[in-house]
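Examining the three-dimensional arrangement
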Amino acid sequence: MTTKLSATALILALGSSLSLSAMTTTAHAADDVKCYGIAEAGKNDCAAGPGTSCAGTSKTKDQANAWKLVPAGTCTQTPSTSSPTGFGQEAAFDAKS
Amino acid sequence: MSHQATFAKALLAPGQICPDGLFSGNGADPASRFAVHRNTVHNGLINALAVAYPVTQLLVGEAFFRAMAGLYVQACPPTSPLISEYGSTFADFIQGFEPAASVPYLADIARLERLRVRAYHAADDRPLEPHTVLAALQARADLGTVRLRLHPSVATMASAYAVVAVWAAHQTEGGLAALDPGHAQSALVLRQGLEVKVFAIDAGSVTFIQRLAQGEALQTAVERALEASNDFDLHQCLTLLISHHAITHLHLDSKVSP
Amino acid sequence: MTPIFAHTSSPAQAPGLPDRAGLGLKHEHFIEVLETSPDLGFFEVHAENYMMAGGPFHHYLGLIRDQYPLSLHGVGLSIGGEGSLNREHLARLAALIERYQPQAFSEHLAWSSHGSVFLNDLLPLAYDSATLHRVCEHIDQVQSTLKRPMLLENPSTYLQLERSTLAETDFITEVIRRTGCGLLLDVNNVYVSCINHQRDPSAYIDALPLQAVGEIHLAGFAEDSDSLGDRLLIDDHGAPVDNAVWQLYEQVLARIGPIPTLIERDNQVPALSVLLAEAQHADWLLTQVRP
């Protein structure tokens, strides 16, 4: 019931508060807005994803055994929520091979 | 088993199997030539995943990523010649992949990257200009009955981790400093014109946008959003959608179904 | 089997593609192509890379198509597959052709799908009567669905199949005779396959129905070796066209005159200017044989 009332109130307020200037503010000064940290600097080429190929590959790379590997990229620079050290775990998983 | 069935099976098998019925004119071991096809299939698909999941790869490093992607290729080879769609279940695979468990947010980063590729290639429905949407909404007394149709590129995801912050940190030099992936964050992905954009949004906005996408009227969508989060800010969320050209239709007559 | 397109002298000579050099269009070059409008005969794209609903790929291809003739090159139809053609995929292809009205459509003499799995590689066929029958049936189906003749590309191969009873050139000749399709002569594939199987590339070309050639492909290869240490060339489209392939190309042109010629580069894609220089070289060679 409370939700319903406040929803109605929000929508009622909307008609008068929506404006073009508010649009501009949100689009350009998003960091000031409570919930919306805009991150749109992404490299759009990557978003294209892969394409097809009709070409062969010659490089005979020995496939590493993923079960023996440890993540070793930028994750080691961010605090980890699960590891005892607080950073990316360095211990290999030997459970499977 | 037919010849092509045997050939296909050997291509995807983990070992170095070479099917029967093949030979080299010079008498060389056909296995040494069959390896060309095996490498083309595996490298080609692993490369395809590396292109679609660049931040996922950066997070775990190339060696780990390629080994993990190689197992995915064997478990889930493509079922369509549209390689841009390959890997739609990669995030779920990562979620269950034990050696990646030390990076608990990895699967959600992969989910976010999949949404970006999806948005990039989504249909070109023509968006409404912000002033058109505003003029229509401001003139209504019964705003609660309005239904909005969203652009086909629009997608949201909720995460227990700071997915947008982690992803954004990899878009700029030095972005990793002071990053804390351990707080919940949700993402909105859309394509505005030719550009795919990613926004951090709150849980209420995720519910709101999902409800709108399901064709619910504004009133119901707002009620559900407030149930999801008391902090839901309708004005802010709607402004975000309108200003980034995420709305393609307004259904002002409540009797018209979307 | 009734040919859908009667085998006249030049069955699938793509009427619209000019007898000039063209380039494979890479998304890395979309904007530069539009900004600089390079002097090129045509662009070619992989059909499967434009089967998505919308977005930048369609945006840019539409703009580039307005300025250049277009060749659509399929890599996923699995013409040589044991199973029936994927109807859904064929329908997507028909829609794409309807949208962009390309001057030519081509596919490969190979298979790439089995059951529900797409293997993302062009795999070798057994050249026997069963395969011949199946390939011709599939090409008939493609041509009648698309309402136009297609070009069939000769493959790069690394292996031979014990079941084969026909030479590859005889197989191709018979497919073209029965279906009325044209030949996409990939000169690099000829060279790669002939080195890999210790054959004479010139003799291979002599054995093909050259009057059916509607387009030529040129690309670079990578070099590896097999268990005996013999040269194993790989059609990787990752290097400039090799001198031996240019020479073979000149021989072909001397025989049949100018033909639309594509420079393909799909791996380690260099700057557009590098590819344009290769296209210019092909254009110069084409000029030499122009009557």
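Look up: the structure comes first, before these words.
Owing to the predicted nature of the structure, the values given are computational and were not obtained by experimental measurement. Each chain carries its own residue numbering, running from 1 in the written order of its sequence. In the order they appear in the text, chains get letters beginning with A and ligands get numbers beginning with 1. At least 70 in pLDDT is required for a residue's local features to be given in this predicted model, at least 80 for side-chain atom pairs to be given and counted, and no such filter applies to totals for whole chains, interfaces and linings, which use all residues. The basis for the side-chain values is all heavy atoms of the structure; hydrogens and waters are excluded.

**Quick notes on the overall build of chain C**
The numbering of helices and of strands both runs from the N terminus, where a helix is a DSSP run of H or I of at least 4 residues and a strand a run of E of at least 2. When helices and strands are tallied, chain C shows nine helices and 13 strands. Its C-alpha atoms give chain C principal-axis dimensions of about 50 × 40 × 40 Å. Here, two residues are considered to be in contact whenever any of their heavy atoms come within 4.5 Å of each other. Put simply, of all contacts in chain C between residues at least 6 apart along the chain, 79% involve residues at least 24 apart. Across chain C, the 17 positively charged side chains and the 37 negatively charged ones have centroids separated by 7 Å. This count recognises Lys and Arg as positive and Asp and Glu as negative, with His and chain-terminal groups excluded. One atom stands in for each charge, and that atom is NZ of Lys, CZ of Arg, CG of Asp or CD of Glu.

**Looking at the pattern of salt bridges**
Two side chains that carry opposite charge are able to pair once their charged atoms sit near each other. All names here are of chain B. The term salt bridge refers to a side-chain nitrogen of Lys or Arg lying within 4 Å of a carboxyl oxygen of Asp or Glu. Scanning the model with the defined rule gives 18 salt bridges over all chains in all. Measuring nitrogen to oxygen at the nearest pair gives 2.8 Å for the salt bridge that ties arginine 191 to aspartate 124. Of this pair, arginine 191 sits in strand β4 (residues 185-192) while aspartate 124 is found in the loop between α6 (106-121) and α7 (130-138), placing the two residues 67 residues apart along the sequence. A salt bridge links arginine 224 to glutamate 227; the nearest nitrogen and oxygen atoms lie 3.1 Å apart. A residue pair is termed a helical-turn pair when its members lie 3 or 4 positions apart in one helix, as arginine 224 and glutamate 227 do in helix α10 (residues 218-228) at three residues.

**Thoughts on the nonpolar core**
One finds C:Leu185 and C:Ile216 to be the most contacted residues of the largest nonpolar core, which totals 151 residues. Where each domain starts and ends follows an automatic or database-derived domain assignment. Domain assignment of the residues forming this core places at least three in each of domain 1 (1-103) and domain 2 (125-258) of chain B. Residue types Ala, Val, Leu, Ile, Met, Phe, Trp, Tyr and Cys, when buried and joined through side-chain atoms within 4.5 Å, form a set referred to as a nonpolar core. Exposure categories follow from relative accessible area, calculated using a 1.4 Å probe and restricted to protein chains: below 20% of the type maximum is buried, above 50% is exposed, and the middle band is partly exposed. Membership of the second largest hydrophobic core comes to 36 residues, among which are A:Leu18, B:Ile209, B:Ala225 and B:Leu238.

**Comments concerning the interface of chain C and chain B**
Listed per partner, the contact involves 45 residues of chain C and 42 residues of chain B. Accessible surface is computed with a 1.4 Å probe, and the buried area is the amount of it that two parts give up when combined, taken over both parts together. Between chain C and chain B, a total of about 3800 Å² is buried, with carbon and sulfur atoms accounting for 62% of that surface. It is C:Phe118, C:Leu159 and C:Gln160 in chain C that bury the most area against chain B; as a group they hold 16% of the surface buried on that side. Counting across the interface, chain C meets chain B through one salt bridge. Side-chain atoms alone can form a polar contact between residues adjacent in sequence; in general such a contact is a pair of N or O atoms within 3.5 Å, and within protein one must be able to donate a hydrogen while the other accepts it. Between chain C and chain B we count 20 residue pairs in polar contact (both at pLDDT 80 or more) in total. Basically, the charged four are Asp, Glu, Lys and Arg, the nonpolar ten are Ala, Val, Leu, Ile, Met, Phe, Trp, Tyr, Cys and Pro, and anything else, Gly included, counts as polar. Grouping the constituent residues of the side of chain C that touches chain B by class yields 20 nonpolar, 15 polar and ten charged. Strand pairing requires that DSSP identify at least two bridges connecting the strands. In the sheet, strand β1 (residues 22-23) of chain B pairs with strand β8 (residues 160-161) of chain C via two bridges, with the strands oriented antiparallel.

**Remarks on unusual backbone geometry**
Residues and elements named next belong to chain C. A positive phi angle is found at serine 78, which is not glycine, with a value near 55°. On the secondary structure map, serine 78 appears in the loop between β3 (70-73) and α3 (87-100). Here lysine 147, not a glycine, exhibits a phi torsion of approximately 55°, which is positive. Relative to the helices and strands, lysine 147 is located in the loop between α4 (129-146) and β7 (151-153).

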